[in-house]
Amino acid sequence: MNFKLFSLCALLGCGFFATNFVAAQAVSSAPAPAASAPTGESKNINEWLMRMHEASRSRSYVGTFVVSSGGVMSSAKIWHVCDGAQQVERVETLTGAPRSVFRHNDQVVTFMPEHKVVRTEKRESLGLFPELLKSNNSRIGDFYKARQEGSERVAGVEADIISLIPKDAMRFGYRVWAEQKKGLVVKLQTLDADGKVLEQAAFSELQFDTPIKIEKLTQMMAKTDGYRVVTPGLVKTTASAEGWVLKTPVAGFQPMSCYKRPGAEPSRGEPMQWIFSDGLATVSLFVEAYDAQRHDKESRLSMGATQSLSRRLDAYWLTAMGEVPMTTLRQFADSLERKK
């Protein structure tokens with residue numbers, strides 16, 4: 001859910017990268033369930049997830065999306081248009097600082113009118129908004145199981161309710177409302193081990209097949225007159241090349257991508273973000289040179305489903321952040337070490 005991640009990162013104010021680079025590669029298609037299953041019947045989790053993913057890429061719609069996390073609510077208006085392989089969307093924040101985010105396939109442009117700044121970048125992505133799948137990990141079924149819980153109307157459309165239940169304590173569970181006709185995710189809850197809702201994201205109103213032209217959105221995306229255009233200086237790399245290793249893998253989480261930001265102290269390593277995913281949840285490890293003036297003692301922060309852990313690691317400062325239990329972040333932090 002890109003807007004959810006965007007809003008949470010802004011609220012948390014942590015991490016030194018301008019955006020959350022959740023990277024993934026396209027996955028091969030899987031057959032979709034032909035019809036709704038009776039309550040309680042177990043379906044193949046990959047079939048459910050691929051159906052939801054494909055719907056996010058093939059349905060044009062306009063809607064208002066509301067996120068509730070850690071007692072804070074955020075909302076945005078979304079325009080999403082599909083034309084074959086071309087995907088364009090516009091996300092306009094309705095709460096907080098004004099932001100307009102445009103995406104044309106992997107090209108993303110963010111307008112910040114208060115500062116008259118436009119940020120342009122390319123993001124690898126499995127799909128467009130709303131996005132549930134985070135990787136092409138075929139082992140998702142080893143760590144989650146799917147169970148249909150019935151149906152319910154959301155934003156005026158009938159939706160199947162599917163629970164994605166973790167098989168261990170290393171990850172949160174999810175309850176997903178998927179539109180019955182094609183499978184578009186219209187509501188998503190993240191649940192802790194006791195079933196408590198940590199975070200909720202849902203459409204409050206939704207219209208399908210609206211007459212929006214891709215050309216109109218791309219023209220708006222290119223209209224940067226009067227703005228200062230900024231391109232984040234991020235470089236794709238590997239953790240090994242930057243001198244880092246995870247000595248003990250964390251069950252189910254695979255390395256997805258790694259980026260660095262050219263800094264002023266190359267001898268101590270440039271700031272790095274290493275991204276992991278189990279197919280649904282993601283964890284990012286941010287590593288930078290330790291600075292006594294900016295970095296104090298170890299800290300932990302929770303906001304809804306998003307947890308963060310910061311600590312000193314010899315001459316470096318580590319911030320682990322992700323939509324996972326704090327114990328999972330501790331495992332990542334304890335396993336990260338400098339290559340000898």
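Residues numbered from 1 in each chain as written. Predicted model: local features only at pLDDT ≥ 70, side-chain atom pairs only at ≥ 80, totals over all residues. Heavy atoms only, no water.

Participant: Teacher, can you tell me more about the overall build of the protein here?
Facilitator: Helix and strand counts for the protein come out as 5 helices and 21 strands. Classification of the 340 residues of the protein by burial places 54% in the buried group. Of the contacts formed within the protein by residues at least 6 apart in sequence, a portion of 57% connects residues at least 24 apart. (Helix = DSSP H or I, 4+ residues; strand = E, 2+ residues; numbered from the N terminus. Buried < 20%, exposed > 50% of the residue type's maximum accessible area, 1.4 Å probe, protein only. Contact = heavy atoms within 4.5 Å.)

Participant: Would you take a moment to explain the side chain of S277 for this structure?
Facilitator: Take S277: it is sitting in strand 16 (residues 272-277). Of the polar contacts made by the side chain of S277, one reaches the backbone oxygen of A281; its length is 3.1 Å. (Polar contact = N/O pair within 3.5 Å; in protein donor to acceptor, adjacent residues only side chain to side chain.)

Participant: Help me understand the environment of L49, please; the structure alone is not making it clear to me.
Facilitator: Positionally, L49 belongs in helix 2 (residues 45-58). C-alpha separation for the pair L49 and A146, spaced 97 residues apart in sequence, amounts to 9.4 Å.

Participant: I tried to follow the packing of aromatic side chains on my own but got confused; where do I start?
Facilitator: The description of two aromatic rings rests on the distance between their centres and on the angle between their planes. Under the definition given, this model contains 10 aromatic pairs. Ring geometry for Y61 and F203: centres 5.8 Å apart, planes at 85°, overall edge-to-face. Here F203 lies in strand 11 (residues 197-208) and Y61 lies in strand 1 (residues 61-69), a separation of 142 residues in the sequence. For the pair shown, Y61 and F203 are each scored as buried. Residues Y144 and Y174 carry aromatic rings whose centres are separated by 6.3 Å and whose planes lie at 45° to one another, so their mutual orientation is tilted. Remark: Y174 occurs in strand 9 (residues 173-179) and Y144 occurs in strand 7 (residues 144-154); sequence separation between them is 30 residues. Ring pairing ties together the aromatic residues F253, W274, F276 and F332, which thus form one cluster. Just above the ring of F208 sits the side chain of R59; from NZ or CZ to the centre is 4.0 Å. Lying across the ring of Y227, K116 places its NZ or CZ 4.3 Å from the centre. (Phe/Tyr/Trp six-rings, centres within 6.5 Å; stacked < 30°, edge-to-face > 60°. Lys NZ or Arg CZ within 6 Å of the ring centre and 35° of its normal.)

Participant: Explanation requested: helix 2 in the structure shown.
Facilitator: Residues that lie three or four places apart on an α-helix share one face, since the helix turns once every 3.6 residues. Between its first and last C-alpha atoms helix 2 spans 20 Å; for 14 residues at 1.5 Å apiece the expected length is 20 Å, and the two agree. Within helix 2, burial applies to I45, W48, L49, M50, R51, M52, H53, A55 and S56. If you check the start of helix 2, you find a side-chain oxygen 2.8 Å away from the backbone N of N46, and it comes from N44. (Expected span 1.5 Å × (residues − 1).)

Participant: Before we go on, may I ask you to explain the sheet that holds strand 16 in this structure?
Facilitator: Hydrogen bonding along the main chain pairs the strands of a sheet, whether they run parallel or antiparallel. Strand order in the open sheet formed by 7 strands is 13-15-16-17-20-19-18, and the pairing between neighbours is antiparallel. In this open sheet, the two edge strands, each paired with only one partner strand, are strand 13 (235-236) and strand 18 (299-303). In this sheet, strand 17 (residues 282-289) lies alongside strand 16 in antiparallel orientation, the contact comprising 6 bridges. Residue pairing for strand 17: W274 is matched across the bridge by L285. Lying over the sheet, helix 5 (residues 326-335) contacts strand 16, strand 17, strand 18, strand 19 (306-313) and strand 20 (316-322), oriented at roughly 25° with respect to strand 19. (Pairing = 2+ DSSP bridges. Axes fitted to C-alpha atoms, helices over the stretch in contact; angles between N-to-C directions.)

Participant: Got a minute to help me understand the sheet that holds strand 12 (residues 228-230) in this structure?
Facilitator: The 12 strands are arranged 7-8-9-10-11-1-2-3-4-5-6-12 in an open sheet whose pairing can be described as mixed. Sheet topology places strand 7 and strand 12 at the edges, where each strand pairs with a single neighbour. With strand direction ignored, the average angle separating the axes of adjacent strands in the sheet is 15°. Bridge count between strand 10 (residues 185-191) and strand 11: 5 bridges; the pairing is antiparallel. Paired with T190 across the bridge in strand 11 is E199.

Participant: Got a minute to help me understand the side chain of E288 in this structure?
Facilitator: When you line up the elements, E288 lands in strand 17. Looking at E288, its side chain comes within polar contact range of the side chain of R294, at 3.0 Å.

Participant: Honestly, the environment of M272 in this entry has me stumped. Any pointers?
Facilitator: Assignment of secondary structure puts M272 in strand 16. Given a relative accessible area of 0%, M272 falls into the buried group. Note: C-alpha distance between M272 and L318 (46 residues apart in sequence) is 9.8 Å.

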